[in-house]
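Read off the chains here:
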Amino acid sequence: MTKFSDLNLSPKVLKAIEEAGYESPTPIQAGAIPPALEGKDVLGIAQTGTGKTASFTLPMITKLARGRARARMPRSLVLCPTRELAAQVAENFDTYAKNVKLTKALLIGGVSFKEQDQLIDKGVDVLIATPGRLLDHFERGKLLLTGIEIMVIDEADRMLDMGFIPDIERIFGLVPFTRQTLFFSATMAPEIERITNTFLSAPARIEVARQATASENITQGAVVFKPSRKDREGTEKRKVLRALIDAEGDSCDRAIIFCNRKVDVDIVSKSLKKYGHNAAPIHGDLDQSQRMKTLDAFRDSELRILVASDVAARGLDIPAVSHVFNFDVPSHAEDYVHRIGRTGRAGRSGKAFTICTPRDEKYFDAVEKLIQKEIPRLDNPVKTEAPAEKVEETKDTNEPRKSSRSRSRSKSSDDKRQVETRSEPRTEKREEPRRDTRDNRNDTRGKDRGGRRDNNVVGMGDHLPDFIALSFDERRAS
DNA sequence: AAAAAAC
């Protein structure tokens, strides 16, 4: 098996790798690092969780260690689709460049320009950025991109989804023609193919998507149910969610709940908190420092449940998530794969539950078609509409269920949320509030991230279930 | 019916 020491990385980088606890490169690393070090363009086709980030940071650090940055002329540029992803790449540089003198700046939105400007003025070796903020800096004339030696595009397919491709093309036009380009995408959509044909020159192509895997290690299940009333859908889904979480007990020690909408992220998070769960929301409307804090707490196991929009579906490095719950079926089937791919990583087992109501059904069908597998239906964990509850809940409108609801409810839709949050704890036997005593356990998980030494983890964690290992085209082509 | 990203 290849070792990092066979890859021609600089001794200082090797030392940092060793200190982080790694010995063997993952396939994408073994494939991408040698051509990157030779100065070739690289086209890496790899899913998240394959060790992709290190496959460009390691050779970059090795190459940039020689030479120094000049003011306002960064020597390399890494573009990421989301702020979190950019921050994560920056952390990766910190880890592996700790024995090397390298300066870097993180240019992302949501934070002030001032500090970013100061860093750029001093001169940086590595610029890590989201496209919008990078162009903003550029337009202010504070930033020269003519000194870029290496440019990295991370998660290109996601950039495509987010409409960043015009920005990316523009940035390609601002960096020198002679630069080296390292380009990463989980899939090769036609538009991505076009970009790579245009902007890469004779790239070394490394595809690890089809990597064989030992076992299918995500257990999937779905609760399909019909809400008793349209206006109770949210409440009842939350109840199902709680029942699912509770049924998992202590084995559910780090979970992500995905919702399709930001409002629902907030509502679900609040509701869980009220029921004693250690939960917090993350989505794009929350301010950046809050997003970072929440994510850090989740990684450090201070936070047990992360309620998220699809900001967190792809790319973020969150190790060893025990459970993924889909509060909604994602409307893009591919997102299902990304979401549940947050669990069952690096050889660990994981569980993924999806809640599906009639309005989700067509998306659910699309998901099953994509993964070429039937997701086992689970019994609704909420006792089949216990009559006692029903009576209590509906006592204000004491009438047969099938009666028409044409009589508009006196509650305005405005105070619906309020009503619901008030009534929720009442409508069911409130379980013992769950105590998340994370501090009383021997918590080593936080350290997992940089230096896991578990026997069953290969390289930087390249264990993927079979269907994830298929490219999307292959999955679609069923 | 959506999320993300620039002010």
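Report on the accompanying structure.

Cut-offs used in this document
Residues numbered from 1 in each chain as written. Chains lettered and ligands numbered in written order. Predicted model: local features only at pLDDT ≥ 70, side-chain atom pairs only at ≥ 80, totals over all residues. Heavy atoms only, no water. Helix = DSSP H or I, 4+ residues; strand = E, 2+ residues; numbered from the N terminus. Buried < 20%, exposed > 50% of the residue type's maximum accessible area, 1.4 Å probe, protein only. Contact = heavy atoms within 4.5 Å. Areas by Shrake-Rupley, 256 points an atom, 1.4 Å probe, with all protein chains shown as cover. Pairing = 2+ DSSP bridges. Axes fitted to C-alpha atoms, helices over the stretch in contact; angles between N-to-C directions. Phe/Tyr/Trp six-rings, centres within 6.5 Å; stacked < 30°, edge-to-face > 60°. Lys NZ or Arg CZ within 6 Å of the ring centre and 35° of its normal. Core = buried A, V, L, I, M, F, W, Y, C linked by side-chain atoms within 4.5 Å. Domains from an automatic or database assignment. Parallel < 35°, antiparallel > 145°, perpendicular 65-115°, else oblique. Left-handed = near helix turned anticlockwise from the far one by under 90°. Salt bridge = Lys/Arg side-chain N within 4 Å of Asp/Glu carboxyl O.

### Considering the overall build of chain A
Line of reasoning, step 1. When its secondary structure is counted, chain A shows 19 helices and 14 strands.
Line of reasoning, step 2. The 478 residues of chain A split such that 56% are buried.
Line of reasoning, step 3. The long-range fraction of contacts in chain A, counting pairs at least 24 apart against all pairs at least 6 apart in sequence, stands at 78%.
Line of reasoning, step 4. Total accessible area on chain A is roughly 21,200 Å²; 49% of this is exposed by carbon and sulfur atoms.

### Concerning the sheet that holds strand S12 (residues 323-326)
Line of reasoning, step 1. Taken in spatial order, the 7 strands line up as S10-S11-S9-S12-S13-S8-S14 in an open sheet, and their pairing is parallel. Where the open sheet ends on each side, the last strands, each with one partner, are strand S10 (279-282) and strand S14 (377-378).
Line of reasoning, step 2. As judged from the 7 bridges shared by strand S8 (residues 218-224) and strand S13 (residues 350-356), these two strands associate in the parallel manner. Residue pairing in the sheet places Val223 in a bridge with Ile355 of S13.
Line of reasoning, step 3. In this fold helix H11 (residues 262-274) packs onto strand S9 (255-258), S10 and strand S11 (305-308), with an angle of close to 170° to the strand it touches most, S10.

### Points about the packing of aromatic side chains
Line of reasoning, step 1. On inspection of all chains with the given rule, the structure shows 3 aromatic pairs.
Line of reasoning, step 2. Each ring, one from Phe172 and one from Phe199, has its centre 4.2 Å from the other, and the planes form 5°; the classification is stacked. Highlighted residues: Phe172 in helix H8 (residues 165-174) and Phe199 in helix H9 (residues 190-199), separated in sequence by 27 residues. Of the two residues, Phe172 and Phe199, both sit in the buried class.
Line of reasoning, step 3. Between the aromatic rings of Phe325 and Phe353, the centroid separation amounts to 5.5 Å while the plane-to-plane angle is 15°, which identifies the pairing as stacked. One end of the pair, Phe325, is in strand S12; the other, Phe353, is in strand S13, with 28 residues separating them in the sequence. Each member of the pair, Phe325 as well as Phe353, carries the same accessibility label: buried.
Line of reasoning, step 4. The ring centre of Phe327 lies 5.0 Å from the NZ or CZ of Lys237, which sits over that ring.

### A word on the nonpolar core
Line of reasoning, step 1. Formed by 71 residues in total, the largest nonpolar core has its most connected members in Leu9, Leu58, Met60, Val78, Tyr96, Ile128 and Leu182.
Line of reasoning, step 2. Summarising the domain contributions, this core has at least three residues from each of domain 1 (4-207) and domain 2 (218-399 + 419-476).
Line of reasoning, step 3. Not counting chain neighbours up to four residues away, the residues in contact with Val78 comprise Phe56, Met60, Val89, Phe93, Val126, Leu127, Ile128, Ala129 and Val152.
Line of reasoning, step 4. Residues Leu143, Met151, Met159 and Ile171 belong to the second largest nonpolar core, which totals 31 residues.

### Remarks on the environment of Asp365
Line of reasoning, step 1. Along the polypeptide, Asp365 turns up in helix H14 (residues 361-371).
Line of reasoning, step 2. Using a relative accessible area of 47% as the deciding quantity, one classes Asp365 as partly exposed.
Line of reasoning, step 3. Between the C-alpha atoms of Asp365 and Val329, which are 36 residues apart in sequence, the distance is 9.9 Å.

### Some points on the packing of helix H5 (residues 113-122) against helix H6 (residues 131-139)
When two helices pack together, their arrangement is captured by the angle between the axes and the distance separating the axes.
Line of reasoning, step 1. Closest axis-to-axis distance for the H5/H6 pair is 12 Å, and the angle between their directions is 65°. Taken together, the axes of H5 and H6 lie roughly perpendicular to each other. For the pair H5 and H6, the sense of crossing is right-handed. On the side of H5, the interface is formed by Phe113, Gln116, Asp117 and Ile120, while H6 contributes Arg133, Asp136 and His137.

### A look at the side chain of Gln288
Line of reasoning, step 1. Assignment of secondary structure puts Gln288 in helix H12 (residues 288-299).
Line of reasoning, step 2. For Gln288, the residues in contact, after removing those within four places along its chain, are Arg83, Glu84, Ile108, Gly109, Gly110 and Val111.

### Section: helix H2 (residues 27-37)
Line of reasoning, step 1. Residues of H2 that are buried: Ile28, Gln29, Ala32, Ile33, Pro35, Ala36 and Leu37.
Line of reasoning, step 2. Looking at the buried side of H2, the elements it contacts are strand S1 (42-45), helix H3 (52-64), strand S6 (180-185) and strand S7 (204-207).
Line of reasoning, step 3. Gly39 sits one or two residues past H2 and shows a positive phi near 90°.

### Here's the deal with the pattern of salt bridges
Opposite charge on two side chains makes pairing possible when the charged atoms of those side chains draw close.
Line of reasoning, step 1. Taken as a whole and assessed by the stated rule, the structure comprises 28 salt bridges.
Line of reasoning, step 2. In this structure, Asp136 and Arg140 form a salt bridge, with 3.6 Å as the shortest nitrogen-oxygen distance.
Line of reasoning, step 3. Judged by relative accessible area, Asp136 falls into the partly exposed class, the value being 29%.
Line of reasoning, step 4. For Arg140, a relative accessible area of 45% corresponds to the partly exposed category.
Line of reasoning, step 5. In the salt-bridge network here, residues are joined through shared partners; they are Lys15, Glu19 and Lys98.

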